[in-house]
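Remarks on the overall topology
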Amino acid sequence: MAQDERDKAWRAYYDGVAGRPPRPTLIEALDRFGSNPGRAVDLGCGDGRDTIELLRRGWLVTAIDAEPEALARLVARADLPPDGVLSTRCTRFEEAVWPIGDLVNASFVLPLCPPAMFPALWTKIADSLRPGGRFAGQFYGPRDGWADDAAMTIVTEAQARGLLDAYAIERFTEEETDSVTPRGKPKHWHIFHVVARKR
Ligand SMILES: C[S@@+](CC[C@H](N)C(=O)[O-])C[C@H]1O[C@@H](n2cnc3c(N)ncnc32)[C@H](O)[C@@H]1O
């Protein structure tokens with residue numbers, strides 16, 4: 001897809017999800033930390049549905065997205081906590097560097113990493129977490145409607161669980177549904193929702 005088409009598609013996505021609440025995987029990870037905010041990175045933050053919640057709870061946040069439009073929308077949000085500590089980076093997460101911290105949040109983004117680059121990204125995620133830190137996010141499974149797209153990273157349940165060998169799994173939920181994408185297209189979803197604590 002050409003860059004301008006990609007920008008247009010993401011703009012439609014941001015319009016489609018505007019105002020939606022934070023993801024349940026993020027909420028679960030944050031609740032498990034109790035009242036101890038730390039440092040988080042939000043990979044593929046989009047217009048910030050999760051970043052806002054992190055800031056609201058006092059976390060220091062590095063929000064990363066490859067689309068300038070995502071970050072422009074995030075920093076323009078009326079609900080951005082005025083005293084929140086946020087740094088934004090407009091870059092691909094495969095190339096990004098971010099501080100060592102307590103939480104890597106990756107809501108509905110890891111499947112967008114090209115398969116050849118995924119192992120290095122996954123290692124970078126683990127290396128950036130302190131012991132006791134958490135990963136929250138999703139993988140797409142082999143029955144997902146986009147599973148034939150060679151540009152996407154798709155994993156079986158066994159592969160997903162294998163990726164979590166260095167973690168204690170706190171949530172591993174399989175979801176399989178027919179619904180529509182935020183851009184209004186019908187889609188079969190096969191998702192593994194994960195919250196895991198680094199040992
Ligand atoms: C499906 S949206 C998810 C946004 C948000 N995390 C959420 O849960 O709604 C994926 C986001 O990841 C960004 N993205 C996709 N591939 C990326 C990459 N390789 N590096 C950084 N951001 C990427 C897109 O620009 C988009 O904002």
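Below you will find a few notes about this structure. Keep in mind that this is a model prediction, so the values were computed, not measured. (Residues numbered from 1 in each chain as written. Predicted model: local features only at pLDDT ≥ 70, side-chain atom pairs only at ≥ 80, totals over all residues. Heavy atoms only, no water.)

Topic: the side chain of Ser 128
Positionally, Ser 128 belongs in the loop between helix H5 (118-127) and strand S5 (129-140). Given the relative accessible area of 5%, Ser 128 is considered buried. Apart from residues no more than four positions distant in its own chain, Ser 128 is found in contact with Trp 98, Pro 99, Ile 100, Gly 101 and Val 104. (Helix = DSSP H or I, 4+ residues; strand = E, 2+ residues; numbered from the N terminus. Buried < 20%, exposed > 50% of the residue type's maximum accessible area, 1.4 Å probe, protein only. Contact = heavy atoms within 4.5 Å.)

Quick look at unusual backbone geometry
One non-glycine residue with positive phi stands out, namely Phe 108, at about 55°. Secondary-structure assignment places Phe 108 in the loop between strand S4 (101-106) and H5. A relative accessible area of 17% means that Phe 108 is categorised as buried.

Overview of the nonpolar core
Ranked by internal contacts, the top residues of the largest apolar core, which has 27 residues, are Leu 43, Ile 125, Phe 135 and Phe 139. When residues of this core are traced back to their parent elements, those giving at least two are strand S1 (39-43), S4, H5, S5, strand S6 (167-180) and strand S7 (186-198). Here the element with the most residues in this core is H5; it accounts for five residues. Filtering out sequence-adjacent residues up to four positions away, Phe 139 remains in contact with Leu 110, Pro 111, Phe 118, Trp 122, Val 155, Ala 160, Leu 163, His 190, Ile 191, Phe 192 and Val 194. (Core = buried A, V, L, I, M, F, W, Y, C linked by side-chain atoms within 4.5 Å.)

Brief notes about the site of the ligand
With respect to spatial proximity, 19 residues lie near the ligand, and among them Tyr 14, Arg 23, Gly 44, Asp 65 and Phe 93 are the closest. A distance of 2.7 Å is found between an oxygen atom of the ligand and a side-chain nitrogen or oxygen belonging to Tyr 14. At a separation of 2.7 Å, a nitrogen atom of the ligand approaches a polar backbone atom of Gly 44. Contact with the protein chains removes 94% of the 590 Å² of surface that the ligand exposes when unbound. The biggest single contributor to the shell around the ligand is helix H1 (residues 3-17), with three residues. Split by residue class, the shell around the ligand holds nine nonpolar, four polar and six charged. (Near = heavy atom within 4 Å. Polar contact = N/O pair within 3.5 Å; in protein donor to acceptor, adjacent residues only side chain to side chain. Areas by Shrake-Rupley, 256 points an atom, 1.4 Å probe, with all protein chains shown as cover. Nonpolar A, V, L, I, M, F, W, Y, C, P; charged D, E, K, R; others polar.)

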